[in-house]
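Examination of the molecular architecture
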Amino acid sequence: MGLSTDERRREIVTYLSQRGYATIRELSAEFQVSYNTIQRDITALTRYHDITTSFGRSSGGVYMKQDFEPYRIYLTPRQQKLLEDLEDKLEGEDKQVMHEIIQTFAHDQSA
């Protein structure tokens, strides 16, 4: 018996985060499901993960930053901006704690 949809999608994220790139055909073969199933999985996963796709015979495929930690909780841009705005109003130790929170959970570590 194969993986459930959720299990397969978690495995796809792990696969991509380790390799950085795969074609739809590679993923289809790896997870023993149809090309269309992988396309649906990728469409669903792009809503929640930093996954991009490109088309083309030589460079088409599915990409994910290799150093991406797929199950790490990140702030959304809106959440990060709100916390940064609040940080500006804080002082002393509270300001430092807020800065540490932003640094810990910011998707872009240059925050």
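Here, residues in each chain are numbered from 1, in the same order as that chain's written sequence. Note on the predicted model: pLDDT of at least 70 is required for a residue's local features to be given, and 80 or more for side-chain atom pairs to be given and counted; whole-chain, interface and lining totals, by contrast, use all residues. Think of the side-chain values as coming from all heavy atoms in the structure, minus any hydrogens and water.

Observations regarding unusual backbone geometry
Residue Gln32 is not a glycine yet carries a positive backbone phi of 55 degrees. Mapped onto the secondary structure, Gln32 falls in the loop between α2 (24-31) and α3 (35-45). Helix and strand labels come from DSSP, where a helix needs a run of H or I of at least four residues and a strand needs a run of E of at least two; each type is numbered from the N terminus.

Describing the sheet that holds strand β3 (residues 61-64)
We treat two strands as partners when DSSP finds at least two bridges between them. Spatially, three strands are ordered β1-β3-β2 in an open sheet, and the strand pairing comes out antiparallel. What marks the edges here is a single partner per strand, and that holds for β1 (21-22) and β2 (51-54). Pairing geometry for β2 and β3, over four bridges, is antiparallel. Note that in β3 the partner of Thr52 across the bridge is Tyr63.

Notes on the packing of α2 against α3
Interaxial distance between α2 and α3 falls to 9 Å at its minimum, and their mutual angle equals 105 degrees. Of the possible angle classes, the one that applies to α2 and α3 is roughly perpendicular. Residues Ile24, Arg25, Leu27 and Ser28 of α2 touch α3, and the partners they reach there are Tyr35, Ile38, Gln39 and Ile42. To get an axis, a line is fitted to the C-alpha atoms, and for a helix only the part in contact is used. The angle between two axes follows their N-to-C directions and goes from 0 to 180 degrees. Note on angle classes: values under 35 degrees are labelled roughly parallel, values over 145 roughly antiparallel, values of 65 to 115 roughly perpendicular, and the remainder oblique. Contacts are assigned to residue pairs that have any heavy atoms within 4.5 Å of one another.

A word on a nonpolar patch on the surface
Only residues above 30% relative accessible area that lack a salt bridge enter a patch, with like-charged residues linked at up to 9 Å and the nonpolar side chains Val, Leu, Ile, Met, Phe, Trp and Tyr linked at up to 5 Å. We get accessible surface area from the Shrake-Rupley algorithm with a probe of 1.4 Å; when it comes to residues, only the shown protein chains can shield them. One speaks of a salt bridge when a side-chain nitrogen belonging to Lys or Arg is within 4 Å of a carboxyl oxygen belonging to Asp or Glu. Taken together, the side chains of Ile73, Val97, Ile101 and Phe105 define a hydrophobic patch exposed on the protein surface, amounting to about 340 Å² of accessible area. Within the fold, Phe105 resides in helix α5 (residues 92-105).

Re the confidence of the model for the protein
Confidence of the predictor in every single residue is expressed as pLDDT, which spans 0 to 100. For the protein, the mean per-residue pLDDT works out to 87, and 88% of the residues sit at or above 70. Averaged pLDDT values for the elements of the protein fall to 89 in β2 and rise to 95 in α3.

Some thoughts on the nonpolar core
Counting 14 residues, the largest nonpolar core has Ile12, Leu16, Leu27, Ile42, Ile51 and Val62 as its most contacted members. When contributions to this core are tallied by element, the ones reaching two or more residues are α1 (5-19), α2, α3 and β3. The element that contributes the greatest number of residues to this core is α1, accounting for four residues. Dropping the residues within four chain positions of it, Ile51 is found in contact with Leu16, Ile42, Leu45, Thr46, Val62, Tyr63 and Met64. In this description, a nonpolar core means a group of buried Ala, Val, Leu, Ile, Met, Phe, Trp, Tyr and Cys residues linked to one another through side-chain atoms lying within 4.5 Å. For every residue, the accessible area obtained with a 1.4 Å probe (protein chains only) is divided by the maximum for its type, and the residue is called buried under 20%, exposed over 50%, and partly exposed between those limits. Within the second largest apolar cluster, five residues are counted, among which are Leu75, Leu83, Met98 and Ala106.

Notes on the environment of Val97
Structurally, Val97 is set in helix α5. For the pair Val97 and Glu87, spaced ten residues apart in sequence, the C-alpha separation works out to 9.0 Å.

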